[in-house]
Amino acid sequence: MRTTRLIFNKARLTGVLLATLAALAPSLALAAPTEGWKLRYQRSYNGKPVEGQDPIWVFAAKGEALISSEAILAGKAGFPFEQQFIKPAAQELLQLARLSPGEGIATLDRESLPKQSYEFSEETRTILGYRCKKAKTVVNSNTIELWYTTELPAAGAPTVLGHQLGLVLELVRNGNFVISATQIEPFQGLDLADMAQGGSAEAPSLLDGLSYKDRVWRSRFTTIPVFQDQIVNFSGEDREPREGVTRYANGTVVLKTVQLPEIAPGSQVFVDMLARSNGDAYDRTGSVFVIPLGTESSEKKEAEKGKKATRNFLEGLQRGVAALPAYQNGNGRTYRGVVATEDYAPLIELMRFFTPFGVKHYNHLQLKGKTWHEAAPYRMDITDLAQRLSGQQLALGVFIGNYDKGGHKLDLNLTIHPSDAATAMFSKPVSPSTGAAASSASSSAPRLIPLFNTTNVMEMAEQDYATMFDKPKGLEVDFTLDRPVKNARLRYISTGHGGWTNGDEFVPKKNTILLNGKEVFAFVPWRQDCGAFRLFNPASGNFNDGLSSSDISRSNWCPGTATNPIYIDLGNLKAGRHRMTVRIPQGPREGASFSSWNVSGVLVGE
């Protein structure tokens, strides 16, 4: 990671920088070397120091203050980083962010400081030898207590709160998060306005407050755009071709090659999607999936060893469903590409989602008191999969089962969010086997083994529906581990289908998962909150009983939502042959109507 330059060495203020500062706030541009006190602050939560924190440094003089950090001052801060320059008497807050070595942005706020109000207490404390008084305020329902001293001719604080009070030596939020001064000493001859520029002679771009916050927020994570305004429909014609996008199964599957960067341990990864109808009025099954493509070097090594390259679902998309291995359960039907074999890996499903009834395209259908949403948002944490695909090239695809020429439109991104102290403080991954906080880095190589995926992604190219659960055999997959797997879990997604009164879409059915003939988990996948998503569903049918079709409870899905995976703890698995079995009491056919179950399973572990 690139770092900042050392900024304690009183950098030059060029004419351009002076002009920019003058435009931002004339009083700031006239800053000169001054003297005051510098304070170091540490954060703690529930009485324990926050791990991996970057201590706050505040430089407080008589009429101005600079909020910075230890990493920034040492030239070791990663981009982006922010500093705040405050002039309490002028009620001015200048926020500056360095997004890269050559790009800085700034915004001037003259409204926040005057709006701060406090309730004062008679309580006093001594902190670092100074007598402190207490003031209290409420910010967004958070109670903030500030312990400040007026025994020094300076004003400053570790946040933007309390600069009008004096020198804030401790801030307590909601009684459990504390920022405490641990060191205070005098300084002289520092130009705080100069230091606020982050050591750059380049003038920052002046933005309005909202634009500034948005730019800083977006710069804190990596966005990998995949699809933008992409049509997924039933048509042999590609009316709006996109560069790098290939369509399959008569347009109901879109695929694009994506290179994942190396993902640092502790980072979190999300798939983020917006979907809207482009003509289709119904709730449709959708899936976001990846097919690992490997690298040229790995393929070359396999060829040199004389091994047959592992097959994947891409062969079926390119050559037709008959190219995929067959699975049979004894009911006379053949299901292609749904289970792993010795030389075949099924799809890795990142997110199962369901389109609503005609969102956006049918928003002209009016109901009193209903204002329809413009798009259905979907966002799923895929960290456990993405960290095991780190640095790999992938074919990333989206399937939406529909027979409509207009179909659906979607935007899809992957976002990678690096770990920081704030995230770790509130959400640290927990080991499923021990319940203890998990390490950010595994001592063993991560494992990801796709076992099964019965969603008929090639539905519009003759891949059969997943009706294999009508026999006791259900779904079985044999797999071989070349080495033991520690802390193994099955990432399992299940949704039931069959859209009539007795169909499995509307009838709760028990899912039972067995490993090597022994039951390891059983549950009834069911959603009872579908009515909460009515405003995504303008074309949903209204019934005489006052309900709409989108209100009705279903087998683990609702129109306009994504289905959460569940994680089944399998413990430590030995090397060798294993069998995974999924059994569901699938309902019988009624005339032309039938039930099916879309289930996907990926083994993750170390």
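Conventions and cut-offs
- Residues numbered from 1 in each chain as written.
- Predicted model: local features only at pLDDT ≥ 70, side-chain atom pairs only at ≥ 80, totals over all residues.
- Heavy atoms only, no water.
- Pairing = 2+ DSSP bridges.
- Helix = DSSP H or I, 4+ residues; strand = E, 2+ residues; numbered from the N terminus.
- Axes fitted to C-alpha atoms, helices over the stretch in contact; angles between N-to-C directions.
- Salt bridge = Lys/Arg side-chain N within 4 Å of Asp/Glu carboxyl O.
- Disulfide = S-S within 2.5 Å.
- Phe/Tyr/Trp six-rings, centres within 6.5 Å; stacked < 30°, edge-to-face > 60°.
- Core = buried A, V, L, I, M, F, W, Y, C linked by side-chain atoms within 4.5 Å.
- Buried < 20%, exposed > 50% of the residue type's maximum accessible area, 1.4 Å probe, protein only.
- Contact = heavy atoms within 4.5 Å.
- pLDDT = per-residue confidence, 0-100.
- Polar contact = N/O pair within 3.5 Å; in protein donor to acceptor, adjacent residues only side chain to side chain.

## Observations concerning the sheet that holds strand S30 (residues 511–515)
- Reading across the sheet, the 4 strands line up as S28-S34-S30-S31 and stay open at both edges, with antiparallel pairing between neighbours. Of all the strands in the sheet, just strand S28 (475–481) and strand S31 (518–523) have a single pairing partner and so form its edges. Between one strand axis and the next, the sheet turns by 20° as a mean value, whatever way the strands run.
- Both S28 and strand S34 (residues 576–583) contribute to a ladder of 7 bridges, which runs antiparallel. Following the sheet pairing, leucine 475 is matched in S34 by valine 582.

## Here's the deal with the pattern of salt bridges
- This structure, assessed with the given rule, holds 33 salt bridges.
- The partner of arginine 276 in a salt bridge is aspartate 411, and the shortest N-O contact between them spans 3.0 Å. Taken together, the residues arginine 276 in strand S17 (residues 268–277) and aspartate 411 in strand S26 (residues 408–417) connect sequence positions 135 residues apart.
- Its salt-bridge partner being arginine 577, residue glutamate 342 comes within 2.4 Å of it at the nearest N-O pair.

## A short note on the state of the cysteines
- All told, the structure shown has 1 disulfide when counted by the stated rule.
- Note on cysteine connectivity: cysteine 530 is disulfide-linked to cysteine 558, with sulfurs 2.1 Å apart. With the S-S bond torsion at -80°, the cross-link from cysteine 530 to cysteine 558 turns out left-handed. With a gap of 28 residues between them, cysteine 530 in the loop between S31 and strand S32 (562–563) and cysteine 558 in the loop between S31 and S32 connect regions that are remote in the sequence.

## Some points on the packing of aromatic side chains
- The final tally for this structure, using the stated rule, is 12 aromatic pairs.
- Centroid distance phenylalanine 354 to tryptophan 557: 4.4 Å. Interplanar angle 20°. Geometry classified as stacked. Of this pair, phenylalanine 354 sits in strand S23 (residues 348–354) while tryptophan 557 sits in the loop between S31 and S32, placing them 203 residues apart in sequence.
- Ring centres of tyrosine 492 and phenylalanine 523 lie 6.2 Å apart, and the angle between their planes is 80°; on these two criteria the pair is classed as edge-to-face. With tyrosine 492 in strand S29 (residues 485–497) and phenylalanine 523 in strand S31, this residue pair connects regions lying 31 residues apart in the sequence.

## Here we look at unusual backbone geometry
- Looking along the chain, the bond that leaves phenylalanine 79 and enters proline 80 is cis, with omega of -5°.
- Tracing the chain through its elements places proline 80 in the loop between helix H3 (70–73) and strand S5 (81–87).
- Positioned with a positive phi, serine 141 is a non-glycine residue whose angle comes to about 70°.
- Residue placement: serine 141 occurs in the loop between strand S9 (130–139) and strand S10 (142–149).
- Positioned with a positive phi, asparagine 516 is a non-glycine residue whose angle comes to about 55°.
- Looking at where asparagine 516 falls in the secondary structure, it is placed in the loop between S30 and S31.

## As for the nonpolar core
- Ranked by size, the top nonpolar core spans 42 residues in total, and within it Val288, Leu396 and Leu412 carry the most contacts.
- With residues near it in sequence (within four places) discarded, leucine 396 still touches Val226, Phe227, Val254, Leu255, Lys256, Val258, Val288, Phe289, Val290, Leu350, Leu412 and Leu414.
- Judged by nonpolar contacts, the second largest core, of 31 residues, contains Phe479, Ala488, Leu490 and Ile568.

## Observations regarding the sheet that holds strand S24 (residues 376–381)
- The strand order across the open sheet built from 4 strands is S14-S26-S17-S24, with neighbouring strands paired in antiparallel fashion. Across the chains shown, the open sheet's two edge strands, defined by having one partner strand only, are strand S14 (222–232) and S24. This sheet shows a mean twist of 15° between the axes of neighbouring strands, independent of strand direction.

## Describing the confidence of the model for the protein
- In this model, the protein carries an average pLDDT of 89, and 87% of its residues clear a pLDDT of 70 or more.
- Here residues 296–309 is modelled with pLDDT under 50, and outside its nearest four sequence neighbours on either side it reaches 3 contacts, counting other chains as well.
- Taken together, the stretch residues 430–443 has pLDDT below 50 and engages in 19 contacts with residues farther than four places along the chain or on a different chain.

## A closer look at the side chain of threonine 285
- Take threonine 285: it is sitting in strand S18 (residues 285–292).
- With residues up to four places along the chain from it excluded, the contact list for threonine 285 reads Arg352, Phe353, Phe354, Phe399, Ile400, Gly401, Thr455, His497 and Asn598.

## A word on the environment of isoleucine 127
- Checked against the element boundaries, isoleucine 127 lands in strand S8 (residues 119–127).
- With relative accessibility at 7%, the residue isoleucine 127 sits in the buried group.
- Taking the C-alpha atoms as reference, isoleucine 127 lies 9.1 Å from serine 180; in sequence the two are 53 residues apart.
- Apart from residues lying up to four places away in sequence, isoleucine 127 is in contact with Cys132, Trp147, Leu169 and Glu170.

## A word on the side chain of asparagine 537
- Mapped onto the elements of the fold, asparagine 537 is located in the loop between S31 and S32.
- On the basis of relative accessibility, which here comes to 0%, the residue asparagine 537 falls in the buried class.
- At a separation of 2.8 Å, a polar atom in the side chain of asparagine 537 contacts the main-chain amide nitrogen of phenylalanine 357.
- There is a polar contact of 2.7 Å between the side chain of asparagine 537 and the backbone oxygen of phenylalanine 533.

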